[in-house]
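# Summary of structural features
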Amino acid sequence: MNTCIDLLRAALVLGLSGCGLAVVYGHRFSQTFFSVILLSGSVALFFTALSGWNVDFIWQASLPIYFGVAPLLIRLDRLAALFLGLLGAVTFCAAIFSPGYLKHLEQRLNFSLYWFSLFTFVTSMALVVLAANALTFLVFWETMSLSSAALVAADHTSSAARRSALIYLGATRLATAALAGGFLWFHAHTGSWNFADWHLATAATVIPSILILIGLSIKAGVWPFHIWLPYAHPSAPTPVSALMSGVMIKIALYAIIRLFLFHGETLPAFGITLLTIGLISAFWGVLFALVQHDLKRLLAYHSVENVGIIVIGIGLALYGQSQHLPAVACLGITAALFHCVNHGLFKSLLFFGAGAIDASAHTRDLSHLGGLAKAMPVTMLCFVTGSAAICALPPLNGFASKWLIYQGLFTLACQTHSRLGAGLSCAAVGVLALVGGLAVACFTKAIGVSFLGRPRSHEAEQCSEAAPAMLVAQAILAATCVVLGALAPAFASLLTPLSAAATGSLATGNLITLPLLPLAIILSGGACLIYLFVLGPLRQTPPRVCRTWECGFGQLSPRMQVTATSFAHPIARIFKPVLLYKTVSEISGAHQRHFPERIKADAVMTSLLESKVYLPLIAAVRRLGRQTTRLQAGSIHLYLLYMLIAAVALLIIGAAT
Amino acid sequence: MSTILLWLLTFSCLLFLPSLTIGIIRKTKARLQNRVGAPLWQHLFDTIKLLRKSETVSENSSWILRVNTVINISIMITLAFLTPWLSFKPATSADDLFLLIYLFAAIRFFAILSSLDPGSAFGAFGASREATLSVLVEPAIILALSAVALSAHTSNLSLVFALTANTPISQAPLWLLAGAGLFLSSLVELSRMPVDDPTTHLELTMVHEAMMLENSGPNLALLEFSSALRLVVLYGLSGQCFLHALHCIWPFASAAGILLSISIIFALAVVTSLIETVSVRLKWTRAPEFVAYGLTMSLLALLVALVTGVSS
């Protein structure tokens, strides 16, 4: 218990001193210096989580620190420890990755601001996880949002980054407004700011629960509130994208889990809604990821998919609780928590891979990449591992959590008496399979177009392997993905106390009954044996190296390879109505029959939600704003009249109540 | 003793059935087209010949080339031991429905990567089509298997596919529909006729052959064997569904099951060659329509499972 508090204190002191040093010495000290502080802070945070696994302590700040109506209240329990551990692990790798990566941004970043925001960001994320009352939560939630917005705009010379930051800020404002509304309502009705006293999603608290859910969903990037995510995550420098995608959106999901799942019975409608929204998110995210050709944007859209999968788990748990099906609830919670951890690991791994490519090739556009396998073999190995994990290929960690979701849905279909529940869970199995297929298509595209084939541009040809420290960061994460996958049954049973606490049932024993470790050993052993004896060095004749078959037409040029757009074209065509996908071709000199001068073909994709819902909404708000400006006519008499009217109206309202 | 015998039998099925089934498809097709055709075991001869040949490798290839082959074959052999595609296959502890589906996905993942590897547009378009087809087919397969799993209340396939005594006759439609859904989906999954033509090499819409184009020698032998094994496993799985439907109507002894589960694979092979003789390959843009038939069968099976499951 004491070591735990000491470690936490050390982590916070390191975070805050990092902030201070960044402000004063941001320009003078090297990136390595700040990275070492971040590294030690993250180690402290990780061990806080480890030592905090078996303790449950509450700490209240003494008087000078006070939030007006409630104290700063911190609680470290098992659920918080899990997410603190994730934050520690991802920050650890980000700190190792940073010095090498930031080198290519030296001219463009203001490092004072960057490190200050980064330390604030990480520290406030830790405190959001630890917050035990609404005000503590909201204060650090805001700090987290604002510091991450500053980080999105870190590369402020590019107009895209500025625009992304603006969109992101808009989304966070809405999230905070919704959250604040919900929190105030709960305070008014329970008289307490402590999360432990609140019961969300019951029949009496439908509206505030929806408000809180919306606020958290905006931050988590759940459909239909995800539109900020593909702007903000790619614009930030890679360590920040990894932290935002890997951890920050998980913290919003953590808040949903904490507020909704641990307070007994809930309305079944909430479970059904979350399940449905999770399914749509998963499908929508992966479909849009598939048609992207900016590598980081592709990964950002893919986060929407994974958030959807986690939300399916949460929805399953809620529905299971409301229908008194503890087995389903248990599977749902474990799956959601497990997938949070997994996604944090492999998504930051993939972002690091994209960052390494960006740092070396100076582009993330897939149409300018290709053939990096020769130049960046280790980055590729890590990227392939991460992709295989995110596609839920056994025996990696992504599979374990997705399997839990499938099992949860299947158990629900078997056990429930409601036809709605059974039908929905069967549909969910089908949609998840579709999403799985799309994810495979999406990531084979990303790997194939960036690493395989031949370089499509001069930059890609000139690439070299990333700095050793950057490789170490990726290798750690890749190894964790493999180990967590093979040891998934053990990790899942670590999570059983949490699911037991939420469902109120006794621990149901081992959830993952698959022998994943033996499977991993058999598969890799078999693969090695086959390589050695059939294909590998034991054969007498070495293979002859020749050109790729070109139908006898002479040397293929790199431009004759498939592009990211053409690879995804058949699938994009099938889902045309959702993607609003169309191909446009322009031929100049078409009258010359077989010898036109120029042919230009382009695929255009506009997001259905953005163009049909959000843009009209924003336009309506602006129109309303223009109408409202008429009030401000510039005449002092008119303003006096307004004040008089307001005073009278207030008097009347006051008299009426 | 009998377990050892069954393992031996399973093992020999795994070794010889793939080539034999491919041989039956080719031979029947040849006879239907008034040709003599290659010998029945030609596929096996080809495999042995390829294993002894030296190979050529594209200069653009990376380590994905080898990794694909070894992962493909080792997963496929593991799958052949896990999947209950023969009624007499001894049960294993890991034959979970969702595990099997994702092991198949793992094979596909690396196959797509390896066909993008040499940087040839042929392979890459094959890969793109394979990805598209798998997106469509995967839900159909998983739903068909979920339907039968749902009626057995477990996702462990060796329990689902265990032949139990006195199954009610009302289960027959479920098994029939699931079997039909699986068979139609496996035609797509295996790049057979209505979607892809396995015998052409110069088609612009080919899938499977285009993906293998840059492989040669032992590499190609292993991939060809693996895809033949995938064919018998998937045919065996849908065949088992049909056998269960038969078992509901006319219960047969488990000894007959050995003979029946092998002969149903051959029967499905003959059906395949019939389809390939009378039909032509669909235009690529119409392939999703064919997949829709399989998906519809699976959905109907699921509906039957849900209706009978909830009422019981």
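Residues numbered from 1 in each chain as written. Chains lettered and ligands numbered in written order. Predicted model: local features only at pLDDT ≥ 70, side-chain atom pairs only at ≥ 80, totals over all residues. Heavy atoms only, no water.

Glancing now at a nonpolar patch on the surface. All names here are of chain B. Taken together, the side chains of F11, L15, F16, L40, W41 and F45 define a hydrophobic patch exposed on the protein surface, amounting to about 540 Å² of accessible area. The leading source of residues in the nonpolar patch is helix α1 (residues 2-32), at three residues. Mapped onto the secondary structure, L15 falls in helix α1. (Patch = residues over 30% accessible without salt bridge, like charges linked within 9 Å, V, L, I, M, F, W, Y side chains within 5 Å. Areas by Shrake-Rupley, 256 points an atom, 1.4 Å probe, with all protein chains shown as cover. Salt bridge = Lys/Arg side-chain N within 4 Å of Asp/Glu carboxyl O. Helix = DSSP H or I, 4+ residues; strand = E, 2+ residues; numbered from the N terminus.)

Across its 20 residues, helix α20 (residues 516-535) of chain A extends 27 Å between first and last C-alpha, which sits within 8% of the 28 Å expected from 1.5 Å per residue. All of the buried residues along α20(A) are A:L516, A:L519, A:A520, A:L523, A:A527, A:I530 and A:L535. Buried positions in α20(A), seen along its axis, are confined to an arc of 110° and lie on one side of it. What points out from α20(A), more than 90 degrees from its buried face, is the exposed set A:I521, A:I522 and A:F533. Close packing links the buried residues of α20(A) with α15 (397-415), α18 (468-486) and α19 (488-503) of chain A together with α3 (64-82), α4 (97-116) and α9 (217-249) of chain B. (Expected span 1.5 Å × (residues − 1). Buried < 20%, exposed > 50% of the residue type's maximum accessible area, 1.4 Å probe, protein only. Arc of directions from axis to C-beta. Contact = heavy atoms within 4.5 Å.)

To continue, consider the side chain of A:D358. Tracing the chain through its elements places A:D358 in helix α12 (residues 326-361). Residue contacts for A:D358: discarding those within four places in its chain leaves A:Y101, A:H104, A:T363 and A:R364.

With that out of the way, let us pick up the pattern of salt bridges. Taken as a whole, this structure holds 16 salt bridges over all chains when the rule is applied. As a salt-bridge pair, A:R364 and A:D294 come within 3.1 Å of each other at their nearest N and O atoms. On the criterion of sequence distance, the pair formed by A:R364 in the loop between α12 and α13 (372-375) and A:D294 in the loop between α10 (268-290) and α11 (295-322) is long-range, its members being 70 residues apart. In this structure, B:R230 and B:E189 form a salt bridge, with 3.2 Å as the shortest nitrogen-oxygen distance. In this pair, B:R230 sits in helix α9 while B:E189 sits in helix α7 (residues 172-189), placing the two residues 41 residues apart along the sequence.

How big an interface is tends to be stated in terms of accessible area lost as the parts join. Domain annotation of chain A identifies domain 1 (1-236), domain 2 (264-505), domain 3 (564-589 + 596-606) and domain 4 (611-656). Each of domain 3 of chain A and domain 4 of chain A was reduced to a C-alpha centroid, and the two centroids are 46 Å apart. (Domains from an automatic or database assignment.)

To continue, consider the confidence of the model for chain B. Averaged over every residue, the pLDDT of chain B is 89; residues scoring 70 or more account for 97%. Per-element mean pLDDT across chain B ranges from 85 in helix α8 (residues 208-212) of chain B up to 94 in α4(B). (pLDDT = per-residue confidence, 0-100.)

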